[in-house]
Amino acid sequence: MLRDNKQSQPHAIVAAAKEAGISALIAFGLFVTLIGLRTDQGPTGALILTTRFGALATIVAVVFVGAFLRALFWRDAGISLGRLVPDRVKEVAAGLSGYAAIGFLVLALIVPILAYASRYYLDLAILIATYTMLGFGLNIVVGLAGLLDLGYVAFYAVGAYSYALIAQYFGLSFWICLPLAGILAAFAGLLLGFPVLRLRGDYLAIVTLGFGEIIRLILLNWQDLTGGPNGISGIPRPSFFGLPFTAAENGFAATLGLKYSPAHRVVFLYYLIVALALLTNWFTLRLRRLPIGRAWEALREDEIACRALGVNTTTTKLTAFALGAMFGGFAGAFFATRQGFISPESFTFGESALVLAIVVLGGMGSQLGVAVAAAVMLGGFELFREFSQYRMLVFGAAMVAIVIYRPRGLVSTRTPSVFLRERKDIPAAVVQNARTETPA
Amino acid sequence: MNPAQILVVEHLTMGFGGLIAVSDLSFVARRREITALIGPNGAGKTTLFNCITGFYKPTVGSLRLVHQDGASFMLERMPEFRIAREAHVARTFQNVRLFAGMTLLENLLVAQHRALMRASGFTVLGLFGSRGYARAEADAIDKARYWLDRVGLASRADDPAGTLPYGAQRRLEIARAMCTDPVLLCLDEPAAGLNNNESAELNRFLRAIRDENDTSILLIEHDMGVVMEISDLIVVLDHGVKIAEGTPDEVRRDPKVIAAYLGVEDAELEHVGAEATP
């Protein structure tokens, strides 16, 4: 990849060295206190300052060499890894991408067969499916309608507590509680929607962030109803349409003539959440092709133009909030029945951030992207669990790499909802997203 | 109520704090005519548009829109989306506002949101694939195709609107406005950035809209070639005040208009004055 023109060589090397020098200087400034100095507790309890200039020098040298090589070899390419992939591989990948969704679905359906024996992998699969569903729900609000929501976990919490409380106080079955939890979460979505109708971008993000915290604090402090920090335990577990997963005579295993195994319930829960996620997916794909879905996307593209065309932006925004919240509520109800115990600790801002990261990483508005991103993020978390110390470091590095190389997410094209002659995917560069401010 | 009138503006004043953008403006736009609003920059033309289309609420005054069947709408009391869907006033914007990441066809379908929404049973019926909705969508696509043909963009129906060249984006915005079945079409500088051929084409197109589609047009324009050629009535604003009103010939000779225009350093606008001086 070196340039053919020999005469420009020394020049390029000098320029690269200069750039690398600047990078190294920045690295030195950053790390001189972070790595160069270290405080330990001495024997008397006082802090002892030790220096680690060796490690500091190593880091700065690594940065210098890395920046030097990058400046020298990748200058022309800009930041693009695409060049490193042979064209042949790209062609095959492009051919396969049409089947990616089907492949992913098939994989999702056979997971319990592959991992029947391993409770650990089944639990992980359930977790991934739950976050996929949350991602689908948030995708309606953030990806389609372009409303940046940092408090999505509030609806997850409302769904979970609705299910837990209704099931405990009224003894209703899971299948009745599930839609109720969804409806209550949708109401919470409307509640959030009204005050933020006029807000966009950063301001909307701040208010939704606050809303998420308000819900969590209510759950924490309304001790009579929610049990406060102790949470709610003993939430009824789901039954297989009336057959409980127990070793008893009238249990699921005995009725079907199977040998009792606690894995039955886990497999059932897995298929339940996959079914819910698929339902959400079907619903979203369907809505995208309906006028309401197009109005959401138009709202994301240009709200003023929408209003000039007779689109009622108030109801359009509220339906996006309410429907997104409803699916969050379903996922919450599932979470409650799976765990059997919920407390406000499960609904912190970290959850909202994780779901939002999944949506952004997946590519705003793309369903397949969200599913893949959920698998990659949560799978990645588990994969690096063994390197506990470096887990967040690797995770952070991965996020930086993604932001640099795929700033528009894994699936960065938008598929038109309708076409006259042929369906052509739209490059992300022309599509607005929740982070782009539309000037009023 | 005179059925020949489509828009009656009476004593309209729009103030922003201490700044009066439009002051005590009254005029009447007639049905099936092209009414042009001209005036130097900052004369209050776009402010007036924003009042008519409901984006601003006027401080004082009334805006009455009259349909052919006699139905009359108090525009100053309606929110903008109801002005578009009930009073059937459509508009374009000075700096084009398309849905850049959506295809041309999708842009024109969003303009038919109201009808499609009703056909889809407010989403409920559409969700389960009702036949009525499928039919309504096919009709909407036909209408979109008709308007794409009219503006010569049918071959690009499946491309994103953001990738169109500027002139084509302006035409698409007009097509999108027409898809709302307007009785009054408000165009904010439709000829801005167009070359001579394109603005001649635009003239033909606007006349065709007026004559064939039964739509009256309200036009803000700086391109005097367009204004003088196609307008039936011209209203001249300066600093928010109406200084003249009449046919192109009358306005061209009006000394107040010449004075207002000669006051600004703009070659294109001085042209009007030059023409009018004997």
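Everything numeric here is computed off the predicted structure, so don't read it as measured data.

Regarding the domain arrangement of chain B
Where interface size is given, it is often the accessible area lost as the parts come together that is meant.
All names here are of chain B.
Here is step 1 of the chain: Domain boundaries assigned for chain B yield domain 1 (1-88 + 181-278) and domain 2 (99-180).
Here is step 2 of the chain: Relative to domain 2, the C-alpha centre of domain 1 lies at a distance of 27 Å.
Here is step 3 of the chain: In this assembly, 13 residues from domain 1 lie in contact with eight residues from domain 2.
Here is step 4 of the chain: Of all elements in the fold, only α2 (80-87), β7 (184-188) and α8 (196-212) reach the threshold of two or more residues within the side of domain 1 that touches domain 2.
Here is step 5 of the chain: When its residues are assigned to classes, the side of domain 1 that touches domain 2 shows seven nonpolar, three polar and three charged.

Here's the deal with the sheet that holds strand β2 (residues 19-30) of chain B
Residues and elements named next belong to chain B.
Here is step 1 of the chain: Read across the sheet, four strands follow the order β2-β1-β4-β5 without closing on themselves; strand pairing throughout is antiparallel. Strand pairing shows two members of the sheet lacking a second neighbour, β2 and β5 (72-74), which therefore form its edges. Ignoring which end each strand starts from, the neighbouring axes of this sheet average 20° apart.
Here is step 2 of the chain: Strand contacts of helix α1 (residues 45-52): β1 (5-16), β2 and β4 (60-66), with the helix running at about 65° to β2, the strand carrying the most contacts.

Description of α8 of chain B
All names here are of chain B.
Here is step 1 of the chain: With 17 residues, α8 extends 24 Å between its outermost C-alpha atoms, agreeing within 8% with the 24 Å of an ideal straight helix rising 1.5 Å per residue.
Here is step 2 of the chain: When α8 is considered as a whole, its buried residues turn out to be Leu202, Leu206 and Ile209. The buried residues of α8 occupy an angular sector of 60° when projected down its axis, which confines them to one face. Residues Asn196, Asn197, Arg204, Ala208, Asp211 and Glu212 are exposed on α8 and point more than 90 degrees away from its buried face.

Things to note about the interface of chain B and chain A
Here is step 1 of the chain: With 33 residues of chain B at the interface, the matching set in chain A holds 33 residues.
Here is step 2 of the chain: Listed by contribution, the elements that provide at least two residues to the side of chain B that touches chain A are α2, α3 (104-110), α4 (113-119) and α5 (124-127) of chain B.
Here is step 3 of the chain: Its residues placed into classes, the side of chain B that touches chain A shows 14 nonpolar, ten polar and nine charged.

Looking at the sheet that holds strand β10 (residues 241-246) of chain B
Strand pairing in a sheet relies on backbone hydrogen bonds, with the paired strands running either antiparallel or parallel.
Residue and element names in this part refer to chain B.
Here is step 1 of the chain: As summarised here, the arrangement of the six strands in space is β6-β7-β8-β3-β9-β10, forming an open sheet in which the pairing is mixed. The sheet terminates laterally at β6 (89-91) and β10, the two strands that pair on one side only. With strand direction ignored, the average angle separating the axes of adjacent strands in the sheet is 20°.
Here is step 2 of the chain: In this structure, β6 lies alongside β7, joined through three bridges in parallel fashion. Bridging from a neighbouring strand, valine 89 pairs with leucine 184 of β7.
Here is step 3 of the chain: Together, β3 (34-38), β6, β7, β8 (216-220) and β9 (233-238) form the strand contacts of α1, whose direction differs from that of β7 by roughly 150°.

A word on the confidence of the model for chain A
All names here are of chain A.
Here is step 1 of the chain: Here chain A shows a mean pLDDT of 81. Residues at 70 or above account for 88%.
Here is step 2 of the chain: No element of chain A has a lower mean pLDDT than helix α9 (residues 252-256), at 69, and none a higher one than helix α13 (residues 313-339), at 91.
Here is step 3 of the chain: This model gives residues 1-6 a pLDDT under 50, and the stretch forms three contacts once residues within four places in sequence are excluded.
Here is step 4 of the chain: Under a pLDDT of 50 for its full length, residues 436-440 has, in the predicted model, six contacts with residues more than four places off or in other chains.

Concerning the domain arrangement of chain A
Here is step 1 of the chain: Once the domains are mapped, chain A shows domain 1 (6-78) and domain 2 (100-430).
Here is step 2 of the chain: Computed from C-alpha coordinates alone, the two centres of domain 1 of chain A and domain 2 of chain A are separated by 41 Å.

Looking at the packing of helix α11 (residues 291-301) of chain A against α13 of chain A
All names here are of chain A.
Here is step 1 of the chain: Relative to each other, α11 and α13 sit at 105°, their axes nearing to 10 Å. The angle between α11 and α13 places the two elements in the roughly perpendicular class. In this structure, α11 uses Ile292, Ala295, Trp296 and Leu299 to contact α13, whose residues at the interface are Thr313, Thr316, Lys317, Thr319 and Ala320.
Here is step 2 of the chain: For the contact of α11 with α13, the residue count by class is five nonpolar, three polar and one charged.

Re the packing of helix α4 (residues 119-144) of chain A against helix α15 (residues 367-383) of chain A
Residue and element names in this part refer to chain A.
Here is step 1 of the chain: Viewed as axis vectors pointing N to C, α4 and α15 meet at an angle of 140°, and their least axial separation amounts to 9 Å. On the basis of their axis angle, the class for α4 and α15 is oblique. Relative to α15, the crossing made by α4 is right-handed. Of α15, the residues touching α4 (which contributes Leu124, Leu127, Ile128, Tyr131, Thr132, Gly135, Phe136 and Asn139) are Gln367, Val370, Ala371, Ala373, Ala374, Ala375, Leu378, Gly379 and Glu382.
Here is step 2 of the chain: Class assignment of the residues belonging to the contact of α4 with α15 gives a composition of eleven nonpolar, five polar and one charged.

Observations regarding the nonpolar core
Here is step 1 of the chain: Ranked by internal contacts, the top residues of the largest apolar core, which has 185 residues, are Tyr156, Ala157, Ala160, Tyr270, Ile273 and Ala374 of chain A together with Leu108 of chain B.
Here is step 2 of the chain: The element contributing the most residues to this core is α4 of chain A, with 14 residues.
Here is step 3 of the chain: Non-local contacts of alanine 160 of chain A, meaning those with residues more than four positions away in its chain, are made with Gly332, Ala333, Phe335, Ala336 and Ile342 of chain A.

Criteria and thresholds
- Per chain, the residues get numbers from 1 upward, laid out in the order the sequence is written.
- Key to labels: chains lettered from A, ligands numbered from 1, both in the order written.
- Given that this is a predicted model, residues contribute local features only at a pLDDT of at least 70 and side-chain atom pairs are listed and counted only at 80 or more, while totals for whole chains, interfaces and linings are drawn from all residues.
- All the domain ranges listed were derived from an automatic or database domain assignment.
- By definition, residues are in contact whenever their C-beta atoms, placed on the basis of the backbone, come within 7 Å of each other.
- Helix and strand assignments follow DSSP, with helices taken as H or I runs no shorter than four residues and strands as E runs no shorter than two, numbered in order from the N terminus.
- Side-chain classes follow a simple rule in which Ala, Val, Leu, Ile, Met, Phe, Trp, Tyr, Cys and Pro form the nonpolar group, Asp, Glu, Lys and Arg form the charged group, and the remainder, Gly included, forms the polar group.
- Paired strands are those between which DSSP finds at least two bridges.
- Only the contacting stretch of a helix is used when fitting its axis, a line to C-alpha atoms as for every element, and angles between N-to-C directions run 0 to 180 degrees.
- Each helix should span, by expectation, one fewer than its residue count multiplied by 1.5 Å.
- Exposure is read from a count of other C-beta atoms within 10 Å of each residue's own; the residue is exposed at 12 or fewer, buried at 20 or more and partly exposed in between. C-beta atoms are placed from the backbone.
- Our arc is simply the arc of the directions from the helix axis toward the C-beta atoms.
- For every residue, the pLDDT score states the predictor's confidence, bounded by 0 at the bottom and 100 at the top.
- Throughout this description, any angle smaller than 35 degrees is read as roughly parallel, any larger than 145 degrees as roughly antiparallel, any in the 65 to 115 degree range as roughly perpendicular, and the remainder as oblique.
- The hand of a helix crossing depends on one turn: near helix anticlockwise from the far one by less than a right angle means left-handed, and clockwise means right-handed.
- By convention in this section, buried Ala, Val, Leu, Ile, Met, Phe, Trp, Tyr and Cys residues joined through C-beta atoms within 7 Å make up a nonpolar core.

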